[in-house]
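Per-entry structural report
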Amino acid sequence: MTVEKVILAIITTSPHKVAGGAPTFVCQTDEEMQRVAANLEAILDGIAHALSEDLLIIVKH
Amino acid sequence: MNEYTYPILFGMTVGLLTRLYLLKTDYRQYPTYLHGKIIHIALGFIASGLGTVAVPAIMEKEFTAITFLALAASQFRDVRNMERNTLNELDQYELVRRGKTYIEGIAIVFEGRNYLVIFASFVSTFAYLVGNIWTGLVAAIISFVVARKFMSGSRLGDIVDIEYVEPHFEGAGLYVDNIYIMNIGLKARQEEILRYGMGFILKPKNFNARSTIANLGQRQAILHDVSTALGVYRDSGTPALVPLAKRDLDDGRVGIFILPQEKDIEKAKAIIRNVPTLENAIRMPTKAEANKEGRPLR
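From a predicted model like this one, the values you see are computed outputs, not experimental measurements. (Residues numbered from 1 in each chain as written. Chains lettered and ligands numbered in written order. Predicted model: local features only at pLDDT ≥ 70, side-chain atom pairs only at ≥ 80, totals over all residues. Heavy atoms only, no water.)

The relative placement of two packed helices comes down to the angle between their axes together with the axis-to-axis distance. Residue and element names in this part refer to chain B. Look at helix α1 (residues 5–22) against helix α2 (residues 34–59): their axes get within 8 Å of each other, and the N-to-C directions meet at 145°. The two elements α1 and α2 cross, and the hand of that crossing is right-handed. Of α2, the residues touching α1 (which contributes Pro7, Ile8, Gly11, Met12, Gly15, Leu16, Arg19 and Leu20) are His40, Ile41, Gly44, Phe45, Ser48, Gly49, Thr52, Val53 and Pro56. For the contact of α1 with α2, the per-class residue count stands at 9 nonpolar, 7 polar and 1 charged. (Axes fitted to C-alpha atoms, helices over the stretch in contact; angles between N-to-C directions. Helix = DSSP H or I, 4+ residues; strand = E, 2+ residues; numbered from the N terminus. Left-handed = near helix turned anticlockwise from the far one by under 90°. Contact = heavy atoms within 4.5 Å. Nonpolar A, V, L, I, M, F, W, Y, C, P; charged D, E, K, R; others polar.)

Here it is as structure tokens:
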């Protein structure tokens with residue numbers, strides 16, 4: 001089963017900005033956030049989109 | 001051997017030659033393999049036979065023989081289905097898809113070409129029987145020219161101006177000129193995209209062209225053709241690296257973002273100019289009654 005057009009994961013350094021449904025990965029630094037997002041992008045076969053400087057989401061299109 | 005033997009042989013040869021002439025493998029690489037070609041040559045042979053024997057049948061006052069052609073029509077509709085199904089199946093495994101509009105266009109062409117073969121055979125056999133082999137040859141040449149005219153559709157270069165623009169990022173947003181393409185979150189991906197990406201702006205020459213290039217199938221066809229000819233920097237599991245075409249809602253320009261393996265601006269422009277305008281995408285808003293009067297469309 002593939003889940004498309006859904007936020008599959010949230011990666012952030014500002015955990016107070018997010019809440020709810022999707023798995024959230026809280027990172028300490030920007031580099032860590034980029035690294036985690038790159039891994040998740042490959043694993044989930046989705047695209048990492050930036051909503052702001054400190055908040056990335058993974059969506060499969 | 002009877003009086004019809006040579007005309008029939010002549011008509012079938014003309015038909016078969018027409019089919020071979022229309023069946024050339026080009027950059028689209030379809031049909032590629034010998035077996036794919038054999039299917040179409042065999043069907044072309046059947047088509048030329050049907051077109052040819054219709055003439056002597058009518059001359060012998062066997063008018064019911066014309067129902068044969070109805071059989072041919074349903075036969076060649078199946079060709080269209082076959083092509084559509086095959087290409088749809090294969091399309092799932094393309095790195096950059098052809099898209100359904102392009103596939104439908106190809107399928108229609110395969111059906112249409114068989115009718116052109118019937119036409120060529122019919123006309124040249126008829127001319128042979130009415131006159132002699134020379135009138136037959138003249139008719140064959142004319143039908144060749146007609147077939148050629150029907151084969152070649154218009155090209156994208158006829159309806160749009162193409163301009164190269166370096167793609168750039170504003171924050172996470174990827175832009176070609178002022179047209180938003182997509183959001184890329186990862187810094188590493190952004191760098192890759194700037195290194196390998198190319199942007200083109202298609203500026204429609206008139207209002208009809210504006211609607212035609214807005215068609216999603218037409219846009220996908222452009223991306224597919226460019227990616228076929230120049231290669232594509234992409235693999236499964238890298239969905240962020242995807243060629244896209246987006247539209248400027250204000251003036252109907254289309255921004256093309258591609259990731260070619262071979263980064264050559266002039267070649268890419270030439271390829272985009274040569275993309276066929278898909279019959280199913282062509283729109284003619286200026287032909288609408290309401291648009292013919294009053295303020296002209298721009």
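Moving on, there is more to tell.
Now for the packing of helix α7 (residues 207–214) of chain B against helix α8 (residues 216–230) of chain B. Residue and element names in this part refer to chain B. Contact pair α7 / α8: the axes reach a minimum separation of 5 Å and the direction vectors enclose 75°. Considered as vectors, α7 and α8 are oriented roughly perpendicular to each other. On α8, the residues touching Thr212, Ile213 and Ala214 of α7 are Leu216, Gln218 and Arg219. Along the lines of polarity and charge, the residues of the contact of α7 with α8 split into 3 nonpolar, 2 polar and 1 charged. (Parallel < 35°, antiparallel > 145°, perpendicular 65-115°, else oblique.)

A few words now on the layout of surface pockets. Here the largest pocket is characterised by a volume of approximately 1100 Å³. Along the wall of the largest pocket there are 34 residues; nearest its centre are His61 of chain A together with Arg97, Gln220, Arg234 and Val242 of chain B. Every element with two or more residues in the lining of the largest pocket is listed here: β3 (47–52) of chain A together with α4 (100–130), α8 and β6 (244–247) of chain B. At 5 residues, the largest contribution of residues to the lining of the largest pocket is made by α8 of chain B. The residue makeup of the lining of the largest pocket, split by class, is 12 nonpolar, 11 polar and 11 charged. A domain split of the lining of the largest pocket shows at least three residues from each of domain 1 (5–152) and domain 2 (157–285) of chain B. (1 Å grid on protein atoms, 1.4 Å probe; cavity = no way out; pocket = protein on both sides within 12 Å on 5 of 7 lines; lining within 4 Å. Points joined across faces, edges and corners; volume = space filled by probe spheres on them. Domains from an automatic or database assignment.)

With that out of the way, let us pick up the sheet that holds strand β2 (residues 24–26) of chain A. Residues and elements named next belong to chain A. Within the open sheet, the 4 strands sit side by side as β2-β1-β4-β3. Their pairing is mixed. The open sheet has two free edges, formed respectively by β2 and β3, since each of these has just one partner strand. Averaged over all neighbouring strand pairs, the angle between strand axes comes to 20°, with direction disregarded. Both strand β1 (residues 7–12) and β2 contribute to a ladder of 3 bridges, which runs parallel. Residue pairing for β2: Thr12 is matched across the bridge by Val26. In the packing of helix α1 (residues 30–44) onto the sheet, contacts are made with β1, β2, β3 and β4 (55–59), and the angle to β1 comes to roughly 165°. (Pairing = 2+ DSSP bridges.)

Before going further, it helps to examine the UniProt feature "transmembrane region" (unreviewed entry) in chain B. Residues and elements named next belong to chain B. Mapped onto the present numbering, the UniProt feature "transmembrane region" (unreviewed entry) falls at residues 6–22, 34–59 and 126–147. This span, residues 6–22, is 100% helix and 0% strand, and a straight line between its end C-alpha atoms measures 24 Å. Secondary structure within residues 34–59 divides into 100% helix and 0% strand; the distance between the first and last C-alpha atoms comes to 38 Å. (UniProt positions renumbered as here; feature names shortened; annotations may be inferred.)

What follows is about the interface of chain A and chain B. Across the contact, 12 residues belong to chain A and 11 residues belong to chain B. Here chain A packs against chain B, burying approximately 950 Å² in sum over the two surfaces, 53% of which is carbon and sulfur. When the buried surface of chain A facing chain B is broken down by residue, Gln34, Glu41 and Ile47 of chain A rank first, second and third, together holding 44% of it. Joining chain A to chain B, the criterion identifies 1 salt bridge. Counting residues per element, the side of chain A that touches chain B draws most heavily on α1 of chain A, which supplies 5 residues. Looking at side-chain class alone, the side of chain A that touches chain B contains 7 nonpolar, 3 polar and 2 charged residues. (Buried area = accessible area lost by both parts, 1.4 Å probe. Salt bridge = Lys/Arg side-chain N within 4 Å of Asp/Glu carboxyl O.)

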